[in-house]
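Chain and residue survey
Listed below are the residues making up each chain.
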Amino acid sequence: MITTWKWRGGKKAFLCAAALAPMLNEIAIAEEADSTSQRGQSVRERARPEYDAAGLRAGSFLVFPSINFSAATNDNIYAISSPETDDIILSTEPSMLIRSTWSRHLFTLQAGGKIERYVDTTSENNNEFYSKANAELDLRDNTQLKGSIYYGSLTESRSNNSVDDGNGALLTAEPITYELIDAEAGISHTINRVRLSASYNISSYDYNDQQLLSGGNSDQDVRDHDISEYQAQADLAISPDTSLFVRGAITKWDYDLAPPDAPFNRDSDGFEIAGGANFKLGRIANGEIFVGYQERSFDDPRFKKNEALDYGAAVYWYLSELTSVTLYAESNINPSTVDNASSFLRQSAYITVDHELLRNVLLQGRFLYGRDKFDDVARIDEWASGR
């Protein structure tokens, strides 16, 4: 069995950051606590009217332009066992959010990018771009339709387990780039204390070839695939602060290439079923926990069926009015084309601490640990990162 340990991302120290307007996070998860109290809210998501951008009015829309600058140090930019290479990374992240101000329904449009420049290792320089449109339609007071579409031209992290040989050795001369298209549609309906929801999501990954350090070309077409998912969930509110839920999902992985154009037929079907709870403990904490079962079967008879415990937790602890802690953990089965593996089970967890030093100065520390266990091959990757 091959077991590798990686310090992914190394030790990071953020040196500076400036913004014309604060970056808005459209997909905030946890901050549904009492907005009239300082405690019971995340430090990072708390409203700061004296600093929050008001937006530029454009008819019935508000426009929020933003640009962030940052510098970071990384003592292991390739995320390999040896040799470790350190560098300083300078990043520029422009973005724009357009949001409707209608009394009913919601439409948002986002676009942005990330430009990373390495001071010494210029071969790691990369540029990213993304755009996203999101719509929410209130059909009735208790029925809502949602839809979104996303496009990204992205760069794969060196810490991804697809870019080394399983023994901690680097393979490609430069980071691998790819395009991601993601679309989702869903509906939800509330009947008294019961909320029913269903959604469909499809994600398409298109990887670009890259030069190998040893010479020649690394053909990435074998990794191109689509992931589709049907999901349904039922929630029951048992109190104003607690609800129970059960959800199920059916997923399909569909790869572009199959034998004889690829070594394996990696197409597969899977399902997940889980039950859990959403909770709020006054102004102290809130979150979600669930546990269940997940299974995946592959079209290629050389791959065995993959079964695993399905679990997740996201807990937000409001330690004080100035400090909040986030605890997160999950387990899921992911596609893989590494070492003839059909897939890998990723179990990961992180803890984040946010502290408000001043109204306009926030400090954050994070530690993440993960374990990837590959199926059909004897390989386990363990990794950690902190900042």
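Here, every reference points to the structure presented above.
Residues numbered from 1 in each chain as written. Predicted model: local features only at pLDDT ≥ 70, side-chain atom pairs only at ≥ 80, totals over all residues. Heavy atoms only, no water.

This part covers the overall build of the protein chain. Helix and strand counts for the protein chain come out as zero helices and 21 strands. A total of 387 residues make up the protein chain; the buried ones form 37% of that total. Long-range contacts, defined here as pairs at least 24 residues apart, represent 57% of the contacts in the protein chain between residues at least 6 apart. With an accessible surface of roughly 20,100 Å², the protein chain has 57% of that area assigned to carbon and sulfur atoms. (Helix = DSSP H or I, 4+ residues; strand = E, 2+ residues; numbered from the N terminus. Buried < 20%, exposed > 50% of the residue type's maximum accessible area, 1.4 Å probe, protein only. Contact = heavy atoms within 4.5 Å. Areas by Shrake-Rupley, 256 points an atom, 1.4 Å probe, with all protein chains shown as cover.)

Core analysis: the biggest nonpolar cluster contains eight residues, these being W253, Y255, F264, F298, F303, A308, I333 and L345. Beyond its immediate stretch of four places on either side in the chain, L345 contacts Q294, A308, S331, N332, I333, R371, D372, K373 and D375. (Core = buried A, V, L, I, M, F, W, Y, C linked by side-chain atoms within 4.5 Å.)

On the surface, D206, D209, D219, D221, D254, D256 and D299 cluster together to form a negatively charged patch. Locating D221 in the fold gives a position in the loop between strand 12 (217–218) and strand 13 (225–239). (Patch = residues over 30% accessible without salt bridge, like charges linked within 9 Å, V, L, I, M, F, W, Y side chains within 5 Å. Salt bridge = Lys/Arg side-chain N within 4 Å of Asp/Glu carboxyl O. Lys, Arg positive; Asp, Glu negative; His and termini not counted. Charge placed at Lys NZ, Arg CZ, Asp CG, Glu CD.)

As a further point, take a nonpolar patch on the surface. A contiguous nonpolar patch, built from Y200, I202, Y230, V246, I250, F271 and I273 and spanning about 630 Å² of accessible area, is present on the exposed surface. Taken together, the elements giving at least two residues each to the nonpolar patch come down to strand 10 (194–207), strand 14 (242–255) and strand 15 (268–281). Locating I250 in the fold gives a position in strand 14. For I250, a relative accessible area of 55% translates into the label exposed.

Before going further, it helps to examine the packing of aromatic side chains. Taken as a whole and judged by the stated rule, the model has 11 aromatic pairs. A ring pair is formed by F298 and F303, whose centres lie 5.6 Å apart and whose planes are at 70°; its orientation type is edge-to-face. Judged by relative accessible area, which is 6%, F303 ranks as buried. Arranged with centres 5.2 Å apart and planes meeting at 20°, the rings of Y328 and Y350 form a pair that is stacked. Of this pair, Y328 sits in strand 18 (residues 323–335) while Y350 is found in strand 19 (residues 343–358), placing the two residues 22 residues apart along the sequence. One aromatic cluster is present, built from ring pairs that chain together W253, F264, F298 and F303. If you follow R296 out to its NZ or CZ, it ends over the ring of W253, 3.9 Å from the centre. Directly above the aromatic system of Y350 lies the positively charged group of R366, at a separation of 4.6 Å from the ring centroid. (Phe/Tyr/Trp six-rings, centres within 6.5 Å; stacked < 30°, edge-to-face > 60°. Lys NZ or Arg CZ within 6 Å of the ring centre and 35° of its normal.)

Further remarks concern unusual backbone geometry. The residue after P259, namely P260, is reached through a cis peptide bond having omega 10°. For P260, the location among the structural elements is in the loop between strand 14 and strand 15. For A79, which is not a glycine, the phi torsion comes out positive at approximately 55°. Summarising the element assignment, A79 is placed in the loop between strand 4 (61–74) and strand 5 (87–100).

This part takes up the environment of A274. The topology assignment puts A274 in strand 15. Each C-alpha atom of the pair A274 and G292 lies 3.8 Å from the other, and the pair is 18 residues apart in sequence. For A274, the contacting residues outside a window of four places in its chain are F245, V246, R247, F290, V291, G292 and D310.

The next thing to look at is the pairing of strand 8 (residues 143–155). Where strand 7 (residues 126–140) and strand 8 come together, 11 bridges link them in antiparallel fashion. Bridging across to strand 8, F129 finds its partner in S153. Two elements, strand 8 and strand 9 (residues 177–191), share 13 bridges in a ladder whose sense is antiparallel. The residue bridging I149 from the neighbouring strand is A183, located in strand 9. (Pairing = 2+ DSSP bridges.)

The subject of this paragraph is the pattern of salt bridges. This model, assessed by the stated rule, comprises 13 salt bridges. Put simply, R359 and E50 hold a salt bridge, and the shortest N to O gap is 2.9 Å. With a gap of 309 residues between them, R359 in the loop between strand 19 and strand 20 (361–374) and E50 in the loop between strand 2 (17–19) and strand 3 (56–58) connect regions that are remote in the sequence. Under the relative-accessibility criterion, R359 is labelled partly exposed at 29%. Look at E50 and you get partly exposed, because its relative accessible area is 47%. Across the pair D381 and R379 runs a salt bridge whose closest N-O atoms are separated by 2.8 Å. Each of R46, R48 and E356 takes part in one network of salt bridges that share partners.

Turning our eyes to something else, we now look at the environment of W383. With respect to the secondary-structure elements, W383 resides in strand 21 (residues 379–386). The buried category is assigned to W383, whose relative accessible area is 8%. C-alpha of W383 to C-alpha of L368: the two residues are 15 residues apart in sequence and 8.3 Å apart in space.

On to the side chain of D267. Looking at the element boundaries, D267 is found in the loop between strand 14 and strand 15. Residues in contact with D267, not counting those within four places in the same chain, are W253, D254, Y255, F298 and D299.

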